[in-house]
Amino acid sequence: MIPVYWLIAFVVFVGIEIATMALTTIWFAGGAFAAFLVSLTGVGVEPQLAVFLIVSFILLFLTRPFAAKYINSRTVKTNAESLIGCKARVTAQIDNTLGLGTAVVNGQEWTARALDPDEIIPKGTMVRIEKIQGVKLLVSIWKED
């Protein structure tokens, strides 16, 4: 394969990475560059493709966990995700069997259901938001530590 094709692939992968900033193609750019270096030695297409795949996957498996942990560590949770673990006040009795219940958190009223399907939580009880399922809060009674 002509070395210039590997350079084109390298530039395309780097361009995609720059455009998305999502750590999706940087490993393949490394593989394309390694294949470019191998192509300069004059070997056939199969060894070049093998080097591309091997280097790409080695980079992916060795650096992805590190990159995901340290580079994307500033990812901001969505509004809903940030509510998990927060305290809420039940404004209408929560009864999963009857499909009833609301709770207020941060001034917004949400449909609420008990995490334990058999539990009935009376109005005015403080609850902890355990999960969010669609537009419903799944809650349990707040227990002070």
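Above this text is the structure in question.
Residues numbered from 1 in each chain as written. Predicted model: local features only at pLDDT ≥ 70, side-chain atom pairs only at ≥ 80, totals over all residues. Heavy atoms only, no water.

(A) Structural detail: a nonpolar patch on the surface. The grouping of Ile2, Val4, Tyr5, Leu7, Ile8, Val12, Ile16, Phe33, Leu37 and Leu40 at the surface amounts to a nonpolar patch, some 870 Å² of accessible area in total. In terms of residue count, the dominant contributor to the nonpolar patch is helix α1 (residues 3-20) (six residues). Assignment of secondary structure puts Val4 in helix α1. Judged by relative accessible area, Val4 falls into the partly exposed class, the value being 41%. (Patch = residues over 30% accessible without salt bridge, like charges linked within 9 Å, V, L, I, M, F, W, Y side chains within 5 Å. Areas by Shrake-Rupley, 256 points an atom, 1.4 Å probe, with all protein chains shown as cover. Salt bridge = Lys/Arg side-chain N within 4 Å of Asp/Glu carboxyl O. Helix = DSSP H or I, 4+ residues; strand = E, 2+ residues; numbered from the N terminus. Buried < 20%, exposed > 50% of the residue type's maximum accessible area, 1.4 Å probe, protein only.)

(B) Region of interest: the packing of α1 against helix α2 (residues 26-39). One way to put it is that α1 packs onto α2 with a least axis distance of 8 Å and a crossing angle of 165 degrees. The orientation of α1 with respect to α2, classified from their angle, is roughly antiparallel. Viewed along their axes, α1 and α2 form a crossing whose handedness is left-handed. Contact with α1, carried on its side by Pro3, Trp6, Leu7, Ala9, Phe10, Phe13, Val14 and Glu17, involves Ile26, Phe28, Ala29, Ala32, Phe33, Ala35, Phe36 and Ser39 of α2 and no other residues of that element. In terms of residue class, the contact of α1 with α2 is made up of 14 nonpolar, one polar and one charged. (Axes fitted to C-alpha atoms, helices over the stretch in contact; angles between N-to-C directions. Parallel < 35°, antiparallel > 145°, perpendicular 65-115°, else oblique. Left-handed = near helix turned anticlockwise from the far one by under 90°. Contact = heavy atoms within 4.5 Å. Nonpolar A, V, L, I, M, F, W, Y, C, P; charged D, E, K, R; others polar.)

(C) How the structure looks around the pairing of strand β3 (residues 108-114). Strand direction decides the pairing type here: strand β2 (residues 100-105) and β3, joined by four bridges, are antiparallel. Looking across to β3, one finds that Val105 is bridged to Gln108. A loop of two residues connects β2 with β3, the two strands running antiparallel in sequence, and Asn106 in this loop sits at a positive phi of about 55 degrees. Across four bridges, the pairing between β3 and strand β6 (residues 136-141) is parallel. If you follow Ala114 over to β6, its bridge partner there is Val139. (Pairing = 2+ DSSP bridges.)

(D) Broad picture of the packing of aromatic side chains. What the rule picks out here adds up to eight aromatic pairs. Ring centres of Phe13 and Phe52 lie 6.3 Å apart, and the angle between their planes is 15 degrees; this geometry places the pair in the stacked category. Remark: Phe52 occurs in helix α3 (residues 45-70) and Phe13 occurs in helix α1; sequence separation between them is 39 residues. Judged by relative accessible area, Phe52 falls into the buried class, the value being 14%. Relative to Phe57, the ring of Phe28 has its centre 6.4 Å away and its plane inclined at 90 degrees; by these criteria the two rings are edge-to-face. A residue pair is termed long-range when its members are at least 10 positions apart, and Phe28 in helix α2 and Phe57 in helix α3 qualify at 29 residues. On the accessibility criterion, Phe28 (24% relative accessible area) is partly exposed. Look at Phe57 and you get partly exposed, because its relative accessible area is 37%. (Phe/Tyr/Trp six-rings, centres within 6.5 Å; stacked < 30°, edge-to-face > 60°.)

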